[in-house]
Structure formats: C-alpha cells, structure tokens
Amino acid sequence: MAQDSFDPIDASQNTQKGIFCWCSAENGERQEFYISDVRRLSAANNMEIGSLSGHFAQTMNARYGIHLAMNAQHCHMFRSAAAAQNARSIVMTEVKKKDLTIRNAGIF
C-alpha cells in the first residue's frame with residue numbers, strides 16, 4: 001500500500017474521498033490510553049482495517065513495552081473526516097474522565 005494513503009488529516013479536509021480512521025487501545029494495568037491521529041485511507045475493507053489494527057498493536061507493544069492483542073479491533077472507520085474527528089473527541093473526553101494518561105501513537 002502506498003505511504004500517502006495513510007496521510008494524517010485534519011477536520012478541514014472534508015472534501016477528500018476515502019475512508020477515515022483512527023486507532024486506540026486502553027492499558028488498564030498502566031492506566032494509559034494510546035490513540036492515533038485521524039488518517040485517510042484511499043479505500044478500506046474489514047481485512048485492511050484488521051491489518052491496520054494489528055500493525056497499531058505491534059507498534060504500541062514495541063514502543064511502550066506492553067502487550068496489546070494483535071487480533072483485536074483497535075481501529076475505527078468513518079466516512080468523513082468530521083465524523084472521525086468528532087468520534088475521536090468524544091473518546092478523548094471519556095478517557096480524560098477516567099483519569100488515564102493519554103499517549104499519542106503518532107505515526108505507526
């Protein structure tokens with residue numbers, strides 16, 4: 001898959017076509033929450049999102065020395081950047097209420 005198909009986006013890019021996604025996982029043992037930025041995929045299906053979820057888990061495991069399940073569904077798909085950003089904001093608000101430390105996944 002081309003590298004540019006995973007470019008980070010912002011909410012002002014609603015005119016772009018494709019699927020928008022972000023990935024996250026909670027680590028209750030460490031009281032941490034890992035979350036990526038919203039990214040645009042040129043096309044997506046369940047297999048591709050599953051692969052991206054595994055890649056997210058593998059990267060977070062290596063980066064933070066944790067043990068996220070590689071086969072868990074960590075990524076969430078949306079039809080627009082605005083919907084993805086809104087859902088991400090809602091999750092971030094809930095995470096802050098739980099008083100978890102938020103770790104930005106950055107590029108994974």
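Basis of the calculations
- Residues numbered from 1 in each chain as written.
- Predicted model: local features only at pLDDT ≥ 70, side-chain atom pairs only at ≥ 80, totals over all residues.
- Heavy atoms only, no water.
- Disulfide = S-S within 2.5 Å.
- Helix = DSSP H or I, 4+ residues; strand = E, 2+ residues; numbered from the N terminus.
- Buried < 20%, exposed > 50% of the residue type's maximum accessible area, 1.4 Å probe, protein only.
- Core = buried A, V, L, I, M, F, W, Y, C linked by side-chain atoms within 4.5 Å.
- Contact = heavy atoms within 4.5 Å.
- Expected span 1.5 Å × (residues − 1).
- Arc of directions from axis to C-beta.

**Topic: the state of the cysteines**
Tallied over the full model, the rule gives one disulfide. The residue that forms a disulfide with Cys-23 is Cys-75, at a sulfur-sulfur distance of 1.9 Å. Here Cys-23 and Cys-75 share a disulfide; its torsion about the S-S bond, 95°, makes the bridge right-handed. Linking Cys-23 in strand S1 (residues 19-27) with Cys-75 in strand S4 (residues 75-78), this pair joins segments that are 52 residues apart in sequence. There is no split in this pair, since Cys-23 and Cys-75 are both buried.

**Looking at the nonpolar core**
Within the largest apolar cluster, 15 residues are counted, with the highest numbers of intra-cluster contacts made by Cys-23, Leu-52, Phe-56, Met-60, Leu-68 and Phe-108. For this core, the elements supplying multiple residues, two or more each, are S1 and helix H1 (46-64). With five residues, H1 is the single largest residue contributor to this core. Not counting the four nearest positions on each side in its chain, Leu-68 is found in contact with Ala-25, Glu-26, Phe-56, Ala-57, Met-60, Asn-61 and His-74. Residues Ala-81, Ala-84, Met-92 and Val-95 belong to the second largest nonpolar core, which totals 12 residues.

**Topic: unusual backbone geometry**
The backbone of Gln-31 shows a phi angle near 55°, a positive value even though the residue is not glycine. The phi dihedral of Asp-99 falls on the positive side, at around 60°, and the residue is not glycine. Mapped onto the fold, Asp-99 is located in the loop between helix H2 (81-97) and strand S5 (101-104).

**Examining H1**
If you check H1, its first and last C-alpha atoms are 27 Å apart, about what 19 residues at 1.5 Å a residue would give, namely 27 Å. All of the buried residues in H1 are Glu-48, Ile-49, Leu-52, Ser-53, Gly-54, Phe-56, Ala-57, Thr-59, Met-60 and Asn-61. Contact partners of the buried residues in H1: S1, strand S2 (32-35), strand S3 (39-41) and S4.

**Some thoughts on H2**
Along its 17 residues, H2 runs 24 Å from first to last C-alpha, staying within 8% of the 24 Å computed at 1.5 Å per residue. For H2, the complete set of buried residues consists of Ala-81, Ala-84, Ala-87, Arg-88, Met-92 and Val-95. Considered in projection along H2, the buried side chains sweep an arc of 140° and stay on one side of the axis. Looking at the buried positions of H2, the neighbouring elements they touch are S1, S2, S4 and S5. In the segment just after H2, Asp-99 is the residue with positive phi, at about 60°.

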